Amino acid sequence: MALYENVFIARQDVPTTQVEALTTQFSELVAGLGGTVSKKEYWGLRSLTYRIKKNRKGHYTLLNIDAPPAALKELERTMSINEDIIRYLTVRVDALDESPSAVMLRSAEKADRPGGDRGDRGDRWGDRPRRERPRFGDEPAPAPTTGEEE
């Protein structure tokens, strides 16, 4: 049997529970045709690079599959028929990586950062009260120079 990695994108208006149901449905389809799904990763609702079928976001899911080519062909046929799937990509690989994917590792690193997503930047105005902050037009504009000295 051949080894494959399959990533599919579900529409943005589909609930997460339905995406999990689709993942289960696809893995049962592969198992019914003599294959196995060794890893399922839900990457979450992510922005698309460009709009696909009027969608700006999508639910990404990764499947590691060990199956005969006929099972994979049926899986791709089922994905192409399903209206909730806007894109899918299947790649044949030499070995399946059972460790978390780069997407999952990056999201875990983001969660571990102190101070939220933007780090600890502090207050840019320091201890100055709000009324002392400069406003637009508070500073006088420098006089225009004509290039001639007096």
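Everything in this summary refers to the structure shown in the same document.

Thoughts on the overall build of the protein chain
Here comes step 1: Of regular secondary structure, the protein chain possesses three helices and four strands.
Here comes step 2: Summarising the internal contacts of the protein chain: among those between residues at least 6 apart in sequence, 75% fall at separations of at least 24.
Here comes step 3: In the form shown here, the protein chain has an accessible surface area of approximately 11000 Å², with 49% of it arising from carbon and sulfur atoms.

With respect to the packing of helix H1 (residues 16-32) against helix H2 (residues 69-81)
Here comes step 1: Running from N to C, H1 and H2 point in directions that differ by 150°, and their axes come no closer than 9 Å. By the angle between their directions, the pair H1 and H2 is classed as roughly antiparallel. As for how H1 packs across H2, the hand of that crossing is right-handed. Where H1 abuts H2, its residues Gln 25, Phe 26, Leu 29 and Val 30 lie against Glu 74, Leu 75, Thr 78 and Met 79.
Here comes step 2: By residue class, the composition of the contact of H1 with H2 is five nonpolar, two polar and one charged.

Remarks on unusual backbone geometry
Here comes step 1: The phi torsion at Lys 53 lies on the positive side, around 50°, for a residue other than glycine.
Here comes step 2: Here Lys 53 lies in the loop between strand E2 (36-52) and strand E3 (55-67).
Here comes step 3: Look at Lys 54: it is not a glycine, yet its phi comes out positive at around 65°.
Here comes step 4: Its place among the elements puts Lys 54 in the loop between E2 and E3.

Parameters at a glance
Here the residue numbering is sequential within each chain, running from 1 through the sequence in written order. Residue-level local features of this predicted model are given only where pLDDT is at least 70; pairs of side-chain atoms are given and counted only at 80 or more, and the full residue set underlies all totals for whole chains, interfaces and linings. With hydrogens and water excluded, all non-hydrogen atoms of the structure serve as input to the side-chain values. By the criteria applied, helices consist of DSSP H or I runs no shorter than four residues and strands consist of E runs no shorter than two, each listed in order from the N terminus. The contact criterion used is simple: two residues touch if any of their non-hydrogen atoms lie within 4.5 Å. Method for areas: the Shrake-Rupley scheme with a 1.4 Å probe, in which residue coverage is limited to the protein chains shown. Only the stretch in contact is used when fitting a helix axis, every axis being a line fitted to C-alpha atoms; angles between N-to-C directions are given from 0 to 180 degrees. Geometric relationships in this document are graded by angle, where less than 35 degrees denotes roughly parallel, more than 145 denotes roughly antiparallel, 65 to 115 denotes roughly perpendicular, and other angles denote oblique. For any pair of crossing helices, the crossing counts as left-handed if the nearer helix is rotated counterclockwise from the farther one by less than a right angle, and right-handed if it is rotated clockwise. Each residue gets one label: Ala, Val, Leu, Ile, Met, Phe, Trp, Tyr, Cys and Pro are nonpolar, Asp, Glu, Lys and Arg are charged, and the others, such as Gly, are polar.

Keep in mind these numbers describe shape, not what the thing actually does.
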